[in-house]
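Here is what each chain is made of, one letter per residue.
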Amino acid sequence: MTSPHSAGAADGKLIIVSGPSGAGKGTVLRRVREEGLFPLVMSVSATTRAKRPGEEDGVDYFFLTREDFLARRGRGEFLESFEVYPGGALYGTLAEPVMRQLKAGKWVVLEIDVKGARQVRRSFPDAVSIFVQPPSFEVLEERLRGRGTESEESLAKRLAQAKSELASADEYKYRVVNDRLDDAVADLTAILKNC
Ligand code: 5GP
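Residues numbered from 1 in each chain as written. Predicted model: local features only at pLDDT ≥ 70, side-chain atom pairs only at ≥ 80, totals over all residues. Heavy atoms only, no water.

Visitor: So what exactly am I meant to see when it comes to the packing of helix 1 (residues 25–35) against helix 7 (residues 181–194) here?
Guide: When two helices pack together, their arrangement is given by the angle between the helix axes and the distance between those axes. The geometry of helix 1 relative to helix 7 is characterised by a closest axis approach of 9 Å and an angle of 60° between their N-to-C directions. What the angle tells us is that helix 1 and helix 7 run oblique. The hand of the helix 1/helix 7 crossing is right-handed. For the pair helix 1 and helix 7, the contacting residues are Thr27, Val28, Leu29, Arg31, Val32 and Glu35 in the first and Leu181, Asp182, Ala184, Val185, Leu188, Thr189 and Leu192 in the second. By residue class, the composition of the contact of helix 1 with helix 7 is eight nonpolar, two polar and three charged. (Axes fitted to C-alpha atoms, helices over the stretch in contact; angles between N-to-C directions. Helix = DSSP H or I, 4+ residues; strand = E, 2+ residues; numbered from the N terminus. Parallel < 35°, antiparallel > 145°, perpendicular 65-115°, else oblique. Left-handed = near helix turned anticlockwise from the far one by under 90°. Contact = heavy atoms within 4.5 Å. Nonpolar A, V, L, I, M, F, W, Y, C, P; charged D, E, K, R; others polar.)

Visitor: What's the story with the sheet that holds strand 3 (residues 46–47) in this structure? I'm lost.
Guide: One open sheet accounts for four strands, arranged 4-3-6-5; its pairing is mixed. Since the sheet does not close on itself, it has two edges, and those belong to strand 4 (62–63) and strand 5 (78–83), each with one partner. When strand 3 meets strand 4, the two strands line up parallel, connected through two bridges. Looking at the pairing, Ala46 lines up with Phe62 of strand 4. Where helix 2 (residues 66–74) meets the sheet, it contacts strand 3, strand 5 and strand 6 (90–94), and its direction lies at approximately 45° from that of strand 6. (Pairing = 2+ DSSP bridges.)

Visitor: Is there a simple way to explain helix 4 (residues 114–123) in this structure?
Guide: The periodicity of an α-helix, 3.6 residues per turn, causes residues three or four places apart in sequence to face the same way. Burial in helix 4 covers these residues: Val114, Gly116, Ala117, Val120, Arg121 and Ser123. Residues of helix 4 that are buried sit in contact with strand 1 (13–18), strand 5, strand 7 (107–111), strand 8 (128–133) and helix 6 (152–166). (Buried < 20%, exposed > 50% of the residue type's maximum accessible area, 1.4 Å probe, protein only.)

Visitor: Would you mind going over the site of the ligand with me for this structure?
Guide: Neighbouring the ligand are 16 residues, the closest being Ser45, Arg49, Tyr61, Tyr91 and Asp113. With respect to the ligand, the side chain of Lys25 contributes an N or O atom lying 3.1 Å from an oxygen atom. Arg49 places a polar side-chain atom, nitrogen or oxygen, 2.7 Å from an oxygen atom of the ligand. A total of 510 Å² of accessible area belongs to the ligand in isolation, and the protein chains cover 94% of it. (Near = heavy atom within 4 Å. Polar contact = N/O pair within 3.5 Å; in protein donor to acceptor, adjacent residues only side chain to side chain. Areas by Shrake-Rupley, 256 points an atom, 1.4 Å probe, with all protein chains shown as cover.)

Any functional reading would require information beyond the geometric quantities listed.
Written out as structure tokens, the structure reads:
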């Protein structure tokens, strides 16, 4: 993988996965990782949003205060960082663990929004980019409501964001429609075999 950040034949791959909240990116990725065909590691992002029940610091995210996040951003520690939902929490990819894992030959998966993806593609033009989308907007809304983790206000923000994210799907090299989970897992596996 060549980029301004690193070079060398032994390097791994950088894989960007985006898609609206509720498209099922996390579930599809978990299934593909469980198959164990590729040396995939998930990048752990930093965020200023509140921890959800069951989430663990350092596993799901690094949960940072806004102050700490901004200080790290000021020190240039992020490959990219954005307010994913306007006026909401900050999310960002810490550079150090990503670069270390790439050098170790891992396939590092960044599960990030479309703005973050654009930023990363500028620095890593040969990153593999994949957009996971729901079969329809209505299915997405049902899934998000069914998850029961969001307030009505947060749900409305996520749905508005989903509309604009779906419009960016063709910026990605590959697209996976997550209708039946098994099919989406097979599609993602085929993409990774050929990338
Ligand atoms: P959630 O709050 O549901 O965990 O994540 C919301 C959205 O934030 C996800 O759909 C994901 O695309 C995006 N996201 C998570 N981590 C990052 C990150 O490090 N950078 C960017 N740009 N987006 C992120």
